Structures are given as C-alpha cells and as structure tokens.
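Take a look at the letters that make up each chain.
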Amino acid sequence: MAKKVVLNCEKCGSRNYTFTAKEGSTVRLELKKFCSHCNEHTMHKQTL
C-alpha cells in the first residue's frame, strides 16, 4: 500500500509537492524542485 508524502522547501518552509511512496521505505526524499514562493529552484525534503 502506498502512502502520500509531502515535500517542503528548505528555504521558506512552504509545502509545495506531494508524492506517493512505499509504506516501508526508510529513505527520505530530497529533491531540487521549483518553489513558487521563493521563485527559484531549492532543495525540498520529505516531511514526516
């Protein structure tokens, strides 16, 4: 069963993206994505 995970911007803290991940995955996602609040590409990390 997949669960929904949320990515938030490292710079401003806004939650911009959602993904589905495996239930048992222990690795937290870290992706460089575009933040519309910062208006630039920043690192986004998975929240709990």
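Calculation rules
- Residues numbered from 1 in each chain as written.
- Predicted model: local features only at pLDDT ≥ 70, side-chain atom pairs only at ≥ 80, totals over all residues.
- Heavy atoms only, no water.
- Disulfide = S-S within 2.5 Å.
- Buried < 20%, exposed > 50% of the residue type's maximum accessible area, 1.4 Å probe, protein only.
- Salt bridge = Lys/Arg side-chain N within 4 Å of Asp/Glu carboxyl O.
- Helix = DSSP H or I, 4+ residues; strand = E, 2+ residues; numbered from the N terminus.

(A) Representation of the state of the cysteines within the structure. A full pass over the atoms with the stated rule returns zero disulfides. In this structure Cys9 is a free cysteine whose sulfur lies 3.8 Å from that of Cys12, the closest cysteine sulfur available. For Cys9, a relative accessible area of 3% gives the class buried. Free cysteine Cys35: the closest other cysteine sulfur is in Cys12, separated by 3.7 Å.

(B) Region of the structure containing the pattern of salt bridges. Applying the stated criterion across every chain yields a total of three salt bridges. For Glu40, the salt bridge identified is with Lys11, shortest N-O distance 3.2 Å. In this pair, Glu40 sits in strand β4 (residues 40–46) while Lys11 sits in the loop between β1 (2–9) and β2 (15–22), placing the two residues 29 residues apart along the sequence. The shortest N-O distance in the salt bridge between Glu30 and Lys45 comes to 3.8 Å. Here Glu30, found in strand β3 (residues 30–35), pairs with Lys45, found in strand β4; they are 15 residues apart in sequence, far enough to count as distant. Residue classification places Glu30 among the partly exposed positions, given a relative accessible area of 46%. Taken together, the shared-partner salt bridges in this structure form one network comprising Glu10, Glu30 and Lys45.

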